Amino acid sequence: MKDRPALHMVACARERGELKPGATIVESSSGSFGLGLALAGIVFGHPVTVVTDSGTEPIMWRMLSAQGVRVDVVREPCPVGGWQQARRDRVRRLLAACPGAYHPDQYHNPDHAAGYATLALELVAQLGRVDVLVCSVGTGGHSAGVAGVLRTYFSHLRLVGVDSVGSTIFGQPARPRLMRGLGSSIYPRNVDYASFDEVHWVASAEAVWSCRQLARARYACGGWSVGAVALVAGWIARTQPSDLRVVAIFPDGPLRYFDTIYNDDYCRRHGLLDVPPADEPDEISDPWAREVTSWTRCRRVVDPLARPERGTARRR
């Protein structure tokens, strides 16, 4: 999933002179973007250091190392901002110690969203029409990048964001999260709040159930984001007119999740096994109405860093 933006961001940085030939790339990642940077480092000839954390699956550390990446593991989360803030603090220290190193900053760099333009164009070419786009939201890059291009072709497009219970992105309080790849404990500037028509929060157990159902019924496997997006997109497809064209983006495959989502012992330990979601989401009127703990929908999307009365909101 992150190969496109990683290649694009590195190419843009080189063109602008921000990344000199042979200079080191340093970035924070829970895995997927790190793999994209490993590819970009090979293609353009840059050593890559990825700062990850002890919650990242060991298979990701090994894959990154095998691809020539230096892996720096953070062992303790920050009291405010959690693992993401702890990783970003480590990145700052590494950059200070390595003059000339480049930080792509996937959370805030607009080149990240722009890197998904080719994916949007492929959807236009292959599908002809898109009515609803369902995207998981972590850094905010792929939802902003894909939806922005699609709306130049389909002005009626509805964008549905899928977040994790316990994530701060859409105004909920930060809580410890098992899910990786979606959700955040910080506020990425790449999230284009004004473009969303609604947001759904999904809990870990619901994502696990959805992942396993998808594998069993559709021969399609993936991780936390895939399960959460499939749950929401499936509900939209069932409850809307049959000619509605719904596109759900599945960011990754199952390999890194064999010890979590597809491991019965792990799921039992965390209360994730055989917990089917409700037939439809609960609904709240605005993101701060109450703390959500299970699949919940909100049709008012507001930038949580803006005061509610001044926030840019979209309601459908």
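Note that the coordinates shown come from a computational prediction; the quantities given were computed from them, not determined experimentally.

Definitions and cut-offs
The residue numbering used here restarts from 1 in each chain and proceeds along that chain's sequence as written. Local features in a predicted model are, by the rule used here, given only for residues with pLDDT of at least 70; side-chain atom pairs are given and counted only at 80 or more, and totals for whole chains, interfaces and linings are based on all residues. Note: side-chain values were computed over all heavy atoms of the structure, leaving out hydrogens and water. Strands here mean DSSP runs of E at least two residues long; helices mean DSSP runs of H or I at least four residues long; both are numbered from the N terminus. Accessibility here uses a 1.4 Å probe with only protein chains present; expressed as a share of the type maximum, an area under 20% marks a residue as buried, one over 50% as exposed, and anything in between as partly exposed. Whether two residues are in contact is decided by their heavy atoms, any of which lying within 4.5 Å being enough. Calculation of accessible area relied on Shrake-Rupley with a 1.4 Å probe; when residues are assessed, cover is drawn exclusively from the protein chains displayed. Positive residues here are Lys and Arg, negative ones are Asp and Glu, while His and the chain termini are left out of the count. Where a charge lies is defined by one atom per residue type: Lys uses NZ, Arg uses CZ, Asp uses CG and Glu uses CD. Strands were regarded as paired on the criterion that DSSP finds at least two bridges between them. In this analysis an axis means a line fitted to C-alpha atoms, helices contributing only their contacting stretch, and an angle means the value between N-to-C directions, from 0 to 180 degrees. UniProt positions are given in the numbering used here, feature names are shortened, and annotations may be inferred rather than shown by experiment. Only Phe, Tyr and Trp rings are paired, with Trp represented by its six-membered ring, and only when their centres lie within 6.5 Å; those with planes under 30 degrees apart are stacked, over 60 edge-to-face, the remainder tilted. Crossover handedness is defined here as right-handed if the route from the first strand over the helix to the second strand goes clockwise, with the strands pointing away from the viewer.

A.B. asks: How would you explain the overall build of the protein chain if you had to name every residue and give the values?
C.D. replies: Looking only at helices and strands, one finds 10 helices and 11 strands in the protein chain. Summarising its shape, the C-alpha atoms of the protein chain cover approximately 55 × 45 × 40 Å along the three principal directions. Put simply, the protein chain has 316 residues, and 54% of those count as buried. Restricting to contacts in the protein chain with at least 6 residues of sequence separation, those with at least 24 account for 67%. As presented, the protein chain carries roughly 13900 Å² of accessible surface, and 52% of it is formed by carbon and sulfur atoms. Each charge class in the protein chain was averaged separately, 37 positive and 32 negative side chains, and the resulting centres sit 2 Å apart.

A.B. asks: Before we move on, can you summarise the sheet that holds strand S4 (residues 132–136) with the specific residues and values?
C.D. replies: Taken in spatial order, the 6 strands of this open sheet run S7-S4-S5-S6-S9-S8, and their pairing is mixed. Two strands in the sheet have a free side with no partner beyond their single neighbour: strand S7 (246–248) and strand S8 (282–284). Neighbour to neighbour, the strand axes of the sheet diverge by 25° on average, direction disregarded. Pairing of S8 with strand S9 (residues 296–298), which is carried by 3 bridges, proceeds in the parallel orientation. Residue pairing across strands places Glu283 opposite Arg297, the latter belonging to S9.

A.B. asks: Tell me about the UniProt feature "domain: Tryptophan synthase beta chain-like PALP" (unreviewed entry) in the protein chain, and please be specific about residues and values.
C.D. replies: Within the UniProt annotation, "domain: Tryptophan synthase beta chain-like PALP" (unreviewed entry) is assigned to residues 1–252. Spanning residues 1–252, this segment combines 44% helix with 14% strand, and its end C-alpha atoms are found 6 Å apart.

A.B. asks: Just give me the short version of unusual backbone geometry, but keep the residues and values in it.
C.D. replies: At Asp105, a position not held by glycine, the phi torsion is positive, near 55°. Counting through the fold element by element, Asp105 comes out in the loop between helix H4 (82–97) and helix H5 (110–114). By relative accessible area, which is 15% here, Asp105 ends up buried. A positive phi angle is found at Tyr219, which is not glycine, with a value near 60°. Here Tyr219 is to be found in the loop between helix H8 (204–218) and helix H9 (224–239). Here Tyr219 falls in the exposed class, since its relative accessible area comes to 81%.

A.B. asks: Can you lay out the packing of aromatic side chains for me, pointing to particular residues and giving the numbers?
C.D. replies: Under the defined criterion, the tally for this structure stands at 5 aromatic pairs. With centroids separated by 6.2 Å and ring planes inclined at 45°, the aromatic side chains of Tyr153 and Phe154 adopt a geometry described as tilted. Tyr153 gets classed as partly exposed once you look at its relative accessible area, which sits at 46%. Its relative accessible area of 8% is what places Phe154 among the buried residues. Taken together, a centroid distance of 5.3 Å and an interplanar angle of 85° make the contact between Phe170 and Phe196 edge-to-face. Here Phe170, found in the loop between strand S5 (158–164) and strand S6 (198–202), pairs with Phe196, found in the loop between S5 and S6; they are 26 residues apart in sequence, far enough to count as distant. Given the relative accessible area of 0%, Phe196 is considered buried. Through pairs of rings, three or more aromatic residues link up here, namely Phe170, Tyr193 and Phe196.

A.B. asks: How would you sum up the pairing of strand S3 (residues 70–74)? Please name residues and give values.
C.D. replies: Both strand S2 (residues 48–53) and S3 contribute to a ladder of 5 bridges, which runs parallel. Counted as the bridge partner of Val50 is Val71 from S3. Crossover connection from S2 via helix H3 (residues 58–66) to parallel S3: handedness right-handed.

A.B. asks: Outline the sheet that holds S2, listing residues and values.
C.D. replies: Strand order in the open sheet formed by 3 strands is S1-S2-S3, with parallel pairing between adjacent strands. Each end of this open sheet is capped by a strand with a single partner; those strands are strand S1 (25–28) and S3. Strand-to-strand twist across the sheet, computed as the mean angle between neighbouring axes with direction ignored, equals 20°. Inspection of the sheet shows S1 paired to S2 by 4 bridges, in the parallel sense. Considered in S2, the bridge of Val26 is made with Thr49.

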